[in-house]
Amino acid sequence: MGFQLGGAILDFVVLAILNKEDKYGYLLTQQVREILDVSESSLYPALKRLQKAELLKTYDHAFQGRNRRYYSITPLGKQKLLEYEQDWKQFKTHMDLLLEEGEPV
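Quick caveat: nothing in here was measured; it's all calculated off a predicted structure.

Enquirer: Quick rundown of the packing of aromatic side chains? Include the residues and the values.
Expert: Summed over all chains, the structure comprises 5 aromatic pairs. With 5.4 Å between their ring centres and 10° between their planes, Tyr59 and Tyr70 make a pair best called stacked. With Tyr59 in strand β2 (residues 56-63) and Tyr70 in strand β3 (residues 66-73), this pair connects stretches of sequence that are 11 residues apart. Of the residues examined, Tyr59 reaches a relative accessible area of 36% and is grouped as partly exposed. Relative accessible area serves as the criterion here: at 15%, Tyr70 is assigned to the buried category. Seen in terms of ring centroids, Trp88 and Phe91 are 5.5 Å apart; in terms of plane orientation they differ by 45°. Their pairing is tilted.

This is the structure:
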């Protein structure tokens, strides 16, 4: 997908991916980049911001002699994800109507 959208959509995508299971940084980056055109230099500050807002937490886990930093969604992050889902459904409805009827709602 080639959309370049603001920080809210990036937050939404990150939280949605982590809602299923914890991910280490590289894998999370790859999965986000399958959906959004975002650079690592944009993603990691967003992850820090989400941590600061207590929507994510991190922990390290050893893998083949090295530590991997894992990201996990918090209960507050799950609540925020629900808000994003509601906003997305409303946005999608408006976009579908715009595309079908050619005029904004």
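Enquirer: So what about the pattern of salt bridges? Which residues, and what values?
Expert: Opposite charge on two side chains allows them to pair when their charged atoms are near. Under the counting rule described, the total for this entry stands at 5 salt bridges. When the shortest N-O distance is used, the salt bridge between Glu21 and Lys23 registers 3.1 Å. A relative accessible area of 47% means that Glu21 is categorised as partly exposed. One salt bridge connects Lys80 with Glu83, and the closest N-O pair in it is separated by 3.5 Å. Note that Lys80 and Glu83 are positioned in helix α4 (residues 75-101) at a spacing of 3 residues, about one turn of the helix. Judged by relative accessible area, Glu83 falls into the partly exposed class, the value being 35%.

What counts, and at which threshold
Residues numbered from 1 in each chain as written. Predicted model: local features only at pLDDT ≥ 70, side-chain atom pairs only at ≥ 80, totals over all residues. Heavy atoms only, no water. Phe/Tyr/Trp six-rings, centres within 6.5 Å; stacked < 30°, edge-to-face > 60°. Helix = DSSP H or I, 4+ residues; strand = E, 2+ residues; numbered from the N terminus. Buried < 20%, exposed > 50% of the residue type's maximum accessible area, 1.4 Å probe, protein only. Salt bridge = Lys/Arg side-chain N within 4 Å of Asp/Glu carboxyl O.

The quantities given are spatial measurements derived from coordinates; they are silent on function.
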